[in-house]
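Chain and residue survey
Chain by chain, the residues:
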Amino acid sequence: MKHRSALWFWVFVGPFAAGLALFTYVPLLWSVGLSFFDAQNTVTPTHFVGLDNYTAMLRDDAFRDSLKTFLVFTAFIVPTTYVVSLTLALMVNRVRWARAFFRSVFFLPAACSYVVAALVWKMSIFSGVRFGLANTVLGWFGTDSVAWLATPDPPWYWLVLITVRLWLQAGFYMILFLAGLQRIDPALYEAAAVDGARPGWTVLRHITLPQLRATSVAVVLLLVVNAFQAFDEFYNLLSDARGYPPYARPPLVYLYYTALGQGQNLGLGSAGAVILALVIAVVTVAQARWLKLGRTDADG
Amino acid sequence: MDDALVRAGRALRLAVLIALALLFLIPFYLLLRNGLSSEREITSPEWTFFPHELRWDNVHELFADTSVPFARSLLNSALIAVATTLGTLLLASLAGYGLARIPYRYADKVFYGILGTLLIPAAVTFVPSFVLVSSLGWISTLRGLIVPTLFSAFACFVFRQYFLGFPKELEDAAQVDGLGYWRTYWLIVVPNARPVFAAVGTIVFLGAWNSFLWPLVIGQDQSAWTVQVALSSFTTAQVIRLHELFVAAAVSILPLLVVFLVFQRWIVTGVERSGID
């Protein structure tokens, strides 16, 4: 009988587990292997180069810049999305009229792809020429047009990158916060009212935010993980037929050009991927520690 | 006095919400407006809220333009999204059920092995996955675009959590009736688990339709382009035909908006049940 249930277990789980192993674990090991070889234009390299790919990658200014871009991008997008989506959730949660309508409107961009959103941002809202919406609005106030995506100093392209992601993902995190808000026991608010706490900032700080802690931890983790994967909007906003500007190239875009672009240097690209994985692991662990510390502080 | 304050606060909040809602809708409106305008109207400095005439011909022009295989890419995206959704639902639900309900000594270890892949960012595996797929000879094939994406640890995780909370009495009755695991699953469990299938299916469908990096890397020939890759090729081309570009983008989100509006409720429940908090 025990034997039979083991058999059935593998009938159910086997196909999935085998596929996952083939398409996740095998590539991962292969990549680590490739990173020690000179593998340009080939996936079956023979020339072992040890750590050369790693040292080359770490000495590469462009790669280091890409890591910096990603860190700055994360430092911007995580708190911004957190505040915007939490604010939306608090407002939608308290409004009585047309609540479902507002929820849908803010959630709707989640159905849109980064490619389509980048297109609207690049060709319509933040277009550098006169017909762009942002420049039209600036024109009403008598301000000169700005070449949004082509201006690295001051970094106007940054405003374009941040707003497109904010529009696309704020609604999704708002849904997570709304789910969290639904679970807060109303008795807590009643008790606070009896104790004379005025609704508003005090209640938000001492009841709502602590009660949302579990949701907040999940949201911040997801935001950081998603920021690591930033590719679509950078690629679609900044590259054109002439190529890609050197500023604002996050690691994934850089690896894409190194490993799969003109050079097809898969060994170097793999080394970059492994380095990126290590950086991500460090950031994730540090952040998990930090979030946990926040929790004990609040409880204690 | 207090009452008036509360009412004023409520009105203010509503006003802010309406303003924000309009702000969130602007990009959709621009997509539609530009998609139905002539190229000259889109680039006109004399900006009007409504175009002077709605140009439905843009749709014909888009499909008649042979430089970008838009119809083909729509078909590819539809095939990929449907196949990915059905395949993921089948594989992940079977695995989730097995992990949750079939006793096996190493079930926990297998589960952690699956869960562990969630910690590996896709960013890190895309180069080696490309290497694997290219050595299988699957570049520019629908197989290469579909098969590697079928094994979603996230979907498996959601199904497992859902089946753990599934009332056991239903299955016990089936076992008494002499149904094995296989028939219990198909005849009892699946029909009773429709909400979670709808939730996971919708999320997977949206993700498959919108995904960009993998199709960009694997779909190198035009014949294997997805809608997102085709759109992207428009924006990075030397000569950009703006009206075609915008109408193409509008066409590309239509099926999604339908799926999204019909299944929105399921996404919300799916998010709530995914156990991410």
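Computed from a predicted model, the values in this text were never measured in an experiment. (Residues numbered from 1 in each chain as written. Chains lettered and ligands numbered in written order. Predicted model: local features only at pLDDT ≥ 70, side-chain atom pairs only at ≥ 80, totals over all residues. Heavy atoms only, no water.)

**Here we look at the overall build of chain B**
Quick note on the threshold: For the purposes of this entry, the term helix denotes a DSSP run of H or I that reaches at least four residues, the term strand denotes a run of E that reaches at least two, and both are numbered from the N terminus. In this setup the radius of gyration rests on C-alpha atoms only. A globule is expected at 2.2 Å times the number of residues raised to 0.38. Exposed residues in this analysis have more than 50% of their type's maximum accessible area, buried residues have under 20%, and partly exposed residues fall in between, with area computed by a 1.4 Å probe over protein chains only. It only takes one pair of heavy atoms within 4.5 Å for two residues to be counted as in contact.
Secondary structure assignment for chain B yields 14 helices and zero strands. Relative to the globule expectation of 19 Å for 277 residues, the C-alpha radius of gyration of chain B, 24 Å, shows a markedly less compact shape. Of all 277 residues assigned to chain B, the portion counted as buried reaches 54%. Sequence separation of at least 24 residues holds for 72% of the intrachain contacts in chain B that already meet a minimum separation of 6.

**Focus on helix α5 (residues 114-125) of chain A**
Extensive coverage of α5(A) is indicated by the burial of twelve of its twelve residues. Looking only at α5(A), the buried set comprises Tyr114(A), Val115(A), Val116(A), Ala117(A), Ala118(A), Leu119(A), Val120(A), Trp121(A), Lys122(A), Met123(A), Ser124(A) and Ile125(A).

**Examining the side chain of Lys122(A)**
Keep this limit in mind: A 3.5 Å cut-off defines polar contacts: any pair of N or O atoms within that distance qualifies, except that in protein one atom must be a possible hydrogen donor and the other a possible acceptor, and neighbouring residues in sequence count only when both atoms are side-chain atoms.
Mapped onto the secondary structure, Lys122(A) falls in helix α5. A polar atom in the side chain of Lys122(A) sits 3.4 Å from the backbone oxygen of Asn236(A). Not counting the four nearest positions on each side in its chain, Lys122(A) is found in contact with Ser127(A), Leu149(A), Asn236(A), Leu237(A), Ser239(A), Asp240(A) and Thr235(B).

**Considerations on the interface of chain B and chain A**
When the parts of a complex come together, some accessible area is lost, and that lost area is often taken as the interface size. We apply this condition: Put simply, buried area is how much 1.4 Å-probe accessible surface two parts lose in total, over both of them, once they are put together. Here, a salt bridge means any Lys or Arg side-chain nitrogen found within 4 Å of an Asp or Glu carboxyl oxygen. Put simply, Ala, Val, Leu, Ile, Met, Phe, Trp, Tyr, Cys and Pro go in the nonpolar bin, Asp, Glu, Lys and Arg in the charged bin, and everything else, Gly too, in the polar bin.
Across the contact, 93 residues belong to chain B and 86 residues belong to chain A. Per-residue buried area on chain B facing chain A is highest for Leu17(B), Phe24(B) and Phe151(B); these three make up 8% of the total on that side. Linking chain B with chain A are zero salt bridges. Summed over the shared surface of chain B and chain A, the result is nine residue pairs in polar contact (both at pLDDT 80 or more). For the side of chain B that touches chain A, the element with the highest residue contribution is helix α1 (residues 2-35) of chain B, accounting for 16 residues. A breakdown of the residues in the side of chain B that touches chain A according to their chemical character gives 69 nonpolar, 20 polar and four charged.

**Comments concerning the layout of surface pockets**
Here is the rule: Detection works on a 1 Å grid of protein atoms alone, calling trapped sets that fit a 1.4 Å probe cavities and calling open sets with protein on both sides within 12 Å along at least five of seven lines pockets, with lining residues defined by an atom within 4 Å of a point. Grid points are joined across faces, edges and corners, and a volume is the space filled by probe spheres set on the points.
The computed volume of the second largest pocket comes to approximately 1,000 Å³. Lining the second largest pocket are 26 residues, and of these Arg94(A), Pro199(A), Gly200(A), Val203(A) and Arg13(B) sit closest to its centre. With eight residues, the top contributor of residues to the lining of the second largest pocket is α1(B). Of the residues belonging to the lining of the second largest pocket, the class tally is 14 nonpolar, five polar and seven charged.

**Structural notes on helix α5 (residues 107-116) of chain B**
Residues three or four positions apart in an α-helix share a direction because the helix packs 3.6 residues into each turn. Residues and elements named next belong to chain B. What counts is decided by this rule: This arc is taken over the directions from the axis of the helix to the C-beta atoms.
Buried within α5 are the following residues: Ala107, Val110, Phe111 and Ile114. Buried residues in α5, looked at end-on, bunch into an arc of 100 degrees, giving them a common side. For α5, the exposed residues lying more than 90 degrees away from the buried face are Lys109 and Tyr112.

**Topic: the side chain of Thr81(A)**
All names here are of chain A. Looking at the secondary structure, you find Thr81 in helix α3 (residues 61-94). Of note is the side chain of Thr81, whose polar atom sits 3.1 Å from the side chain of Gln169. Thr81 has contacts with Leu166, Gln169, Ala170, Tyr173 and Leu223, leaving out every residue within four places of it along the chain.

**Some remarks on a nonpolar patch on the surface**
So the rule is basically this: Patch rule: a residue counts if its relative accessible area is over 30% and it has no salt bridge; like charges are joined within 9 Å, and nonpolar side chains (Val, Leu, Ile, Met, Phe, Trp, Tyr) within 5 Å. Computed with a 1.4 Å probe, the accessible areas rest on the Shrake-Rupley method; for each residue, only the protein chains presented here act as cover.
Residues Leu7(A), Val11(A), Leu90(B), Trp182(B), Trp186(B) and Leu187(B) make up a contiguous nonpolar surface patch of roughly 560 Å² in combined accessible area. Contributing elements (two or more residues each) for the nonpolar patch: α1 (2-34) of chain A together with α10 (181-192) of chain B. Of the residues forming the nonpolar patch, the biggest block, three residues, is contributed by α10(B). As for its placement among the helices and strands, Leu187(B) is situated in helix α10. Taking the relative accessible area as the measure of exposure, Leu187(B) reaches 52% and is therefore exposed.

**A short note on the UniProt feature "transmembrane region" (unreviewed entry) in chain B**
Residue and element names in this part refer to chain B. The condition that has to hold: UniProt positions are given in the numbering used here, feature names are shortened, and annotations may be inferred rather than shown by experiment.
As recorded in UniProt, the feature "transmembrane region" (unreviewed entry) lies at residues 12-32, 78-99, 111-139, 145-164, 185-209 and 245-263. Regarding residues 78-99, the helix share stands at 100% and the strand share at 0%, and the terminal C-alpha atoms are separated by 31 Å. Taken end to end, residues 245-263 is 100% helix and 0% strand, and its two terminal C-alpha atoms sit 28 Å from one another.

**Re the UniProt feature "transmembrane region" (unreviewed entry) in chain A**
All names here are of chain A. Mapped onto this numbering, the UniProt entry annotates "transmembrane region" (unreviewed entry) at residues 7-30, 70-93, 100-121, 156-179 and 266-286. Secondary structure content for residues 7-30 is 100% helix and 0% strand, and the end C-alpha separation is 30 Å. Secondary structure over residues 100-121 splits into 73% helix and 0% strand, and the C-alpha atoms at its two ends are 27 Å apart.

**Concerning the pattern of salt bridges**
Where charged atoms from two side chains of opposite charge approach closely, those side chains can pair. One pass over the full model with this rule turns up seven salt bridges over all chains. The partner of Arg64(A) in a salt bridge is Asp61(A), and the shortest N-O contact between them spans 3.0 Å. Within this pair, Arg64(A) and its partner Asp61(A) are both found in helix α3, separated by three residues, close to a single helical turn. A salt bridge links Arg241(B) to Asp65(B); its shortest N-O distance comes to 2.8 Å. One end of the pair, Arg241(B), is in the loop between α13 (227-235) and α14 (242-273); the other, Asp65(B), is in the loop between α3 (57-64) and α4 (70-101), with 176 residues separating them in the sequence. On the basis of relative accessible area, Arg241(B) is assigned to the partly exposed category, the value being 27%. Assessed through its relative accessible area of 14%, Asp65(B) is described here as buried.

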